[in-house]
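# Report on the structure
So the chains spell out like this:
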Amino acid sequence: MSGTRSAGLDRESLRILSEALTALEAGFDDLPVAEPAGARRMLDVERVILEVAGRLRDNYPYFHPLYAGQMLKPPHPVARTAYALAMWINPNNHALDGGRATSAMEKEAVAQVAAMFGWAAPAAPDAPAPLGHLTGGGTMANLEALWVGRQLSPGTVVASESAHYTHQRISAVLGLAFEPVASDSRGRMDAGALERRLQKGGVSTVVATMGTTATGSVDPLPEIIALRERYGFRLHADAAYGGYFGLTDNLAPDSRRAFDRLGEADSIVIDPHKHGLQPYGCGCILFRDASVGRFYRHDSPYTYFSSTELHLGEISLECSRPGAAAAALWATMRLLPLSPGGEFARDLARSRAAALELQARIERDPRFLAAFEPELDIVVWLPRAPTAAAASSLSRAIFEEAARRNLHLALAELPLRFFGTAGEALRGEAQTATCLRSVLMKPEHGDWLDRIWSILDEATEAARKTG
């Protein structure tokens, strides 16, 4: 799926793609041949593509297990192949006549994602079914969720101070007030702080983050749902990064309880281009109550003329959208269904297991301060040093030394209270420190932990000597 296996799989994918293109073109054999006007000779095409390949070498090796920095996970070969195949036609999933096959694929794929949260089309034909569609990514999906919330009740949006910064920016775009509430010592929304804010009134939407992008922390959804029953706000779950982890069997009890209640949210965002093995950009917005589709209603007499069926542009703020993204997601779930205990779920569990193992090694090493146990697959830690400034400097030095040895980590500015009493002891004027951070998104990361740890050990010793 990734890492050392990706190159061989992709060569096989090219062979499969070539055969699939032949089969695809055979379906249009009754059309006359039309050469593109002004087409370049293939020699020129080859020259340009080789130039592109050369330029693309100026990247980190995102596909490899030694890249353990940001949230970058290679698309599955079936996703890449299906995307490339669909691009031969280049469908647009706005109106049905722009992408008939891929519009159907998108509806089927989104229904499968919704079913993962317990939202399924009801048997009764007149009963409400969940509403959803693909987007260009989590930012656009979250914008649609907050935009619908604004139509229902234009009050204040509240999210944890550890939530993604996009919620504050989206609120500003929509003309909504936004207020952060405190997070606890594990990066989760503080339910007590949320209730104190709710008591003041005026809150229309609460955003619960199901896996923060800094530390992978999961907000306490059962407690938030209990507060909704008392204070009556709209609950939006930002599960862009963590949404798929509900399928795994190795979550901690608190996280398990939160994911088990996810279907009670009013809207959910998930990003298949994170843990869903998809190319960028592929986000998804889901609404439990399909009647919110009325807010999208608009007239486009030159667009929605080919069918009385639902055109995806009628329930989306975006207009043109790549049908290739729908084909890739549909194909991936066809191969790897979203089922507990299945191959897809097992690979996610392997990522979390790798994070727990890295956490255990950090906790045993006297050179490091470990933060709280990872809830998903993100690990953060801090080198021990006499001051926060010295620890931050050492983090940056280790980061550089590791990169020289082809281990690519990430840095994050995080509160010192995340590191317990030892972290609190570093607090002077500084409340935060620059920490080392690793996202173990690839299932192969567990197999590479010995190598990762060996390089981290060398990099740490080199950084301490030069520091």
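I will try to describe carefully the structure that is included in this document. (Residues numbered from 1 in each chain as written. Predicted model: local features only at pLDDT ≥ 70, side-chain atom pairs only at ≥ 80, totals over all residues. Heavy atoms only, no water.)

## What about the packing of aromatic side chains?
We apply this condition: Aromatic pairing here means that ring centres of Phe, Tyr or Trp (its six-membered ring) are within 6.5 Å. Orientation follows from the plane angle: under 30 degrees is stacked, over 60 is edge-to-face, and everything else is tilted. Three labels apply to residues, based on accessible area from a 1.4 Å probe with only protein chains included: buried if under 20% of the type maximum, exposed if over 50%, partly exposed otherwise in between.
Here the structure, examined in full by the defined rule, presents nine aromatic pairs. Ring geometry for tyrosine 60 against tyrosine 67: centres 6.3 Å apart, planes inclined by 40 degrees, an arrangement best described as tilted. Using a relative accessible area of 45% as the deciding quantity, one classes tyrosine 60 as partly exposed. Where tyrosine 62 meets tyrosine 67, the ring centres are 5.2 Å apart and the plane angle is 80 degrees; that geometry is what we call edge-to-face. Residue class for tyrosine 62 comes out partly exposed when judged on its relative accessible area of 30%. A relative accessible area of 5% means that tyrosine 67 is categorised as buried. An aromatic cluster of at least three residues, connected via ring pairs, comprises Tyr60, Tyr62 and Tyr67.

## Let's talk about the pattern of salt bridges
Here is the rule we go by: Every case where a carboxyl oxygen of Asp or Glu lies within 4 Å of a side-chain nitrogen of Lys or Arg is listed as a salt bridge. Strands here mean DSSP runs of E at least two residues long; helices mean DSSP runs of H or I at least four residues long; both are numbered from the N terminus.
Throughout the structure, instances matching the rule amount to 25 salt bridges. Among the salt bridges present, the one from aspartate 447 reaches arginine 350, with a minimum N-O distance of 3.3 Å. Of this pair, aspartate 447 sits in the loop between β11 (432-439) and α14 (449-466) while arginine 350 sits in helix α11 (residues 343-364), placing them 97 residues apart in sequence. Overall, the relative accessible area of 61% leaves aspartate 447 in the exposed class. Owing to a relative accessible area of 32%, arginine 350 belongs among the partly exposed residues under this scheme. In this structure, arginine 352 and glutamate 373 form a salt bridge, with 4.0 Å as the shortest nitrogen-oxygen distance. Placement of the pair is arginine 352 in helix α11 and glutamate 373 in the loop between β8 (368-370) and β9 (378-383), with a sequence separation of 21 residues. What makes arginine 352 buried here is its relative accessible area of 2%. Ionic contacts of the salt-bridge type, sharing partners, join the residues Asp184, Arg188, Asp254 and Arg257 into one network.

## Considering the sheet that holds strand β4 (residues 203-209)
Cut-off, in case you're wondering: A pair of strands is considered paired only if DSSP assigns at least 2 bridges between the two. Each axis is a line fitted through C-alpha atoms, taken for helices only over the stretch in contact, and angles between the N-to-C directions span 0 to 180 degrees.
Strand order in this open sheet of seven strands is β1-β7-β6-β5-β4-β2-β3, and the pairing throughout is mixed. Two strands lie at the open edges of the sheet, namely β1 (131-135) and β3 (178-181), each paired on one side alone. Strand-to-strand twist in this sheet, taken as the mean axis angle between neighbours without regard to direction, amounts to 20 degrees. Of the strand pairs in this sheet, β1 and strand β7 (residues 283-287) are connected by five bridges, and their pairing is antiparallel. Bridging across to β7, histidine 133 finds its partner in isoleucine 285.

## Structural notes on unusual backbone geometry
Geometrically, the link from tyrosine 280 to glycine 281 is a cis peptide bond, its omega value of -15 degrees lying close to zero. On the secondary structure map, glycine 281 appears in the loop between β6 (267-270) and β7. Positive phi is not limited to glycine here, since asparagine 90 has a value of about 60 degrees. Looking at the element boundaries, asparagine 90 is found in the loop between α3 (77-87) and α4 (100-116).

## Focus: the nonpolar core
Let me state the cut-off plainly: Think of a nonpolar core as a cluster: buried Ala, Val, Leu, Ile, Met, Phe, Trp, Tyr and Cys residues, connected wherever their side-chain atoms sit within 4.5 Å. Any pair of residues with heavy atoms lying within 4.5 Å of one another is described as a contacting pair.
Membership of the largest hydrophobic core comes to 69 residues, with the highest contact counts inside it found for Met210, Leu262 and Leu382. Top element by residues in this core is α4. It accounts for five residues. Dropping the residues within four chain positions of it, leucine 382 is found in contact with Arg367, Phe368, Leu369, Ala391, Ser395, Leu416, Phe419, Leu426, Ala433, Thr434 and Cys435.

## Points about the state of the cysteines
What counts is decided by this rule: Counting rule for disulfides: a pair of cysteine sulfur atoms within 2.5 Å.
Scanning all chains against the criterion turns up zero disulfides. Not part of a disulfide, cysteine 282 finds its nearest cysteine sulfur in cysteine 284, a span of 7.5 Å.

## A word on the side chain of arginine 367
Short version of the rule: By the criterion applied in these results, polar contacts are pairs of N or O atoms within 3.5 Å in which, for protein atoms, one can donate a hydrogen and the other can accept it, and in which residues neighboring in sequence qualify only through two side-chain atoms.
Secondary-structure assignment places arginine 367 in the loop between α11 and β8. One polar contact links arginine 367 to aspartate 457, side chain to side chain, over a distance of 2.9 Å. A polar contact is formed between the side chain of arginine 367 and the side chain of glutamate 461, at a distance of 2.8 Å. With near-sequence residues (within four places) excluded, arginine 367 lies in contact with Leu382, Pro383, Arg384, Asp457, Thr460, Glu461 and Arg464.

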